[in-house]
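# Coordinate inspection notes
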Amino acid sequence: MADAKAAAQEGENRKGTGKTQRNTMPRNIVPREMNPTLTTALSADVDSFLKNGFLVVEDAITHAQVESLRAALDETYARTSGGEQFIHELLEEDSRFEFLLDHPPALSRIKALLGNCIQLHSATARVTQGEVPDQGWHRDGPWPVDPNGTPYGSRPGQINCGYFLDELTEENGAIAFVRGSHRNPASPSHKPDPRPDEVRVYAKPGQAVLFDGWIYYRGVANVSGEMRRTCLMCYQNSWMKSRESFSGPVARRFREEGTDEQRLLMGAIEKW
Ligand SMILES: O=C(O)CCC(=O)C(=O)O
């Protein structure tokens, strides 16, 4: 009886907002299976990622896709950057970026790690040009984590995917990680200094570099005088708050006309 009363009251409350449970939780796009079935190769990638906190995926994008992304990023950078290194909401900038949203070589591995219920956190490009110093050590997940977690578990999942459109070298700067630091509850120092335990990854165009949003990492200085161009597609559990608002026309189009997975990735589940 008390339940019936509470349900009636809840219904009343919702009338006020004009929303119903059905509108806020489009269950038809929630995958039936929470976890994908893993092949032997995917299981090996999962094990490696869990241990190291990063993974280099070979042949993630074709040469033609690299060329197309370079052209799209060059135009976007010239049009929008005003000298800033980071360009945000990349999918809104040029349709040539759109295929990255659910690109199978990256997404299949991210789903193998996080499960099928994921959304985009952000689609960003970073372009360094001229003399650009070392980034400080950082992790992307800003949410503080107690060293002991919580009795219920409290580590959110975010996985980033970097497509480096220029081969990384000593001159234009590797991406450096501290292996296993995604499991360290403490934050990194934020200093740009090299560490004896850092691993420098010299990524090549065509590869994708997946890394945990909680790993300690930094982009090493670009002293090459040439452009160093990266697209960063970041994903998280669907229940987390994303960085992007998904309010632009491209995000809306994906939500209205996309596949169920594209709708989920673009934040179709606003709340529940
Ligand atoms: O350019 C890089 O190597 C990675 C930069 C990056 O992902 C970041 O600073 O968020």
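Residues numbered from 1 in each chain as written. Predicted model: local features only at pLDDT ≥ 70, side-chain atom pairs only at ≥ 80, totals over all residues.

## A short note on unusual backbone geometry
Here is the rule we go by: Each helix corresponds to a stretch of at least 4 residues labelled H or I by DSSP, and each strand to a stretch of at least 2 residues labelled E; elements are numbered beginning at the N terminus. Counting other C-beta atoms within 10 Å of each residue's C-beta, where C-beta atoms are placed from the backbone, gives the exposure class: buried for 20 or more, exposed for 12 or fewer, partly exposed between.
Even without glycine at this site, Asp59 takes up a positive phi of about 50°. By secondary structure assignment, the location of Asp59 is in the loop between strand E1 (54-57) and helix H4 (63-80). Classification of Asp59 by C-beta neighbours within 10 Å gives exposed; the count is 9. Of note in this structure, Phe246 is not a glycine but carries a positive phi near 55°. In this fold, Phe246 is placed in the loop between strand E9 (228-237) and helix H6 (249-257).

## Quick notes on the site of the ligand
The condition that has to hold: Throughout this description, a residue near a molecule or strand is one whose C-beta atom, derived from the backbone, lies within 6 Å of it. Each residue is assigned to one class: nonpolar for Ala, Val, Leu, Ile, Met, Phe, Trp, Tyr, Cys and Pro, charged for Asp, Glu, Lys and Arg, and polar for all the others, Gly among them.
Within the structure, the ligand sits among Arg126, Gln135, Ile175, Gly219, Thr230 and Leu232. Across the shell around the ligand, the residue classes tally to two nonpolar, three polar and one charged.

## Let's talk about the sheet that holds strand E8 (residues 217-219)
As a reminder of what qualifies: In this analysis, strands are considered paired if DSSP registers two or more bridges between them. Lines fitted to the C-alpha atoms define the axes, with helices restricted to the stretch that makes contact. Angles between their N-to-C directions range from 0 to 180 degrees.
Read from one edge of the open sheet, three strands run E6-E5-E8, paired in antiparallel fashion. The strands lining the two open edges of the sheet, one partner per strand, are strand E6 (198-201) and E8. Strand-to-strand twist in this sheet, taken as the mean axis angle between neighbours without regard to direction, amounts to 20°.

## Focus: helix H3 (residues 40-52)
We apply this condition: Take the number of residues in a helix, subtract one, and multiply by 1.5 Å to get its expected span.
Across its 13 residues, H3 extends 18 Å between first and last C-alpha, which sits within 8% of the 18 Å expected from 1.5 Å per residue. Where H3 terminates, the next one or two residues include Gly53, which has phi positive at roughly 90°.

## A closer look at the packing of H3 against helix H5 (residues 104-114)
Rules: When describing relative orientation, an angle under 35 degrees is termed roughly parallel and one over 145 degrees roughly antiparallel, while 65 to 115 degrees is termed roughly perpendicular and anything else oblique. Crossings are sorted by hand: turned counterclockwise from the far helix by less than a right angle, the near helix makes the crossing left-handed, and turned clockwise it makes it right-handed. C-beta atoms are placed from the backbone for every residue, and two residues are taken to be in contact when these atoms lie within 7 Å.
Between H3 and H5, whose axes approach to 10 Å, the crossing angle comes to 65°. One finds that H3 runs roughly perpendicular with respect to H5. Between H3 and H5 lies a crossing of right-handed hand. Along the contact surface, H3 presents Leu42, Asp45, Val46 and Phe49, while H5 presents Ser108, Arg109, Ala112 and Leu113. Grouping the constituent residues of the contact of H3 with H5 by class yields five nonpolar, one polar and two charged.

## Comments concerning the sheet that holds strand E3 (residues 118-128)
One open sheet holds the six strands; their spatial order is E1-E7-E4-E9-E3-E2, and the pairing between them is antiparallel. Looking at strand neighbours, the two that pair on one side only are E1 and strand E2 (86-87), the edges of this open sheet. In this sheet, E9 lies alongside strand E4 (residues 158-164) in antiparallel orientation, the contact comprising seven bridges. Its bridge partner being in E9, Asn160 is matched across the sheet by Cys234. Sitting on the sheet, H5 is in contact with E1, E3, E4, strand E7 (208-212) and E9, with an inclination near 20° to E7.

Scope: geometric values only; no functional claims are made or implied.
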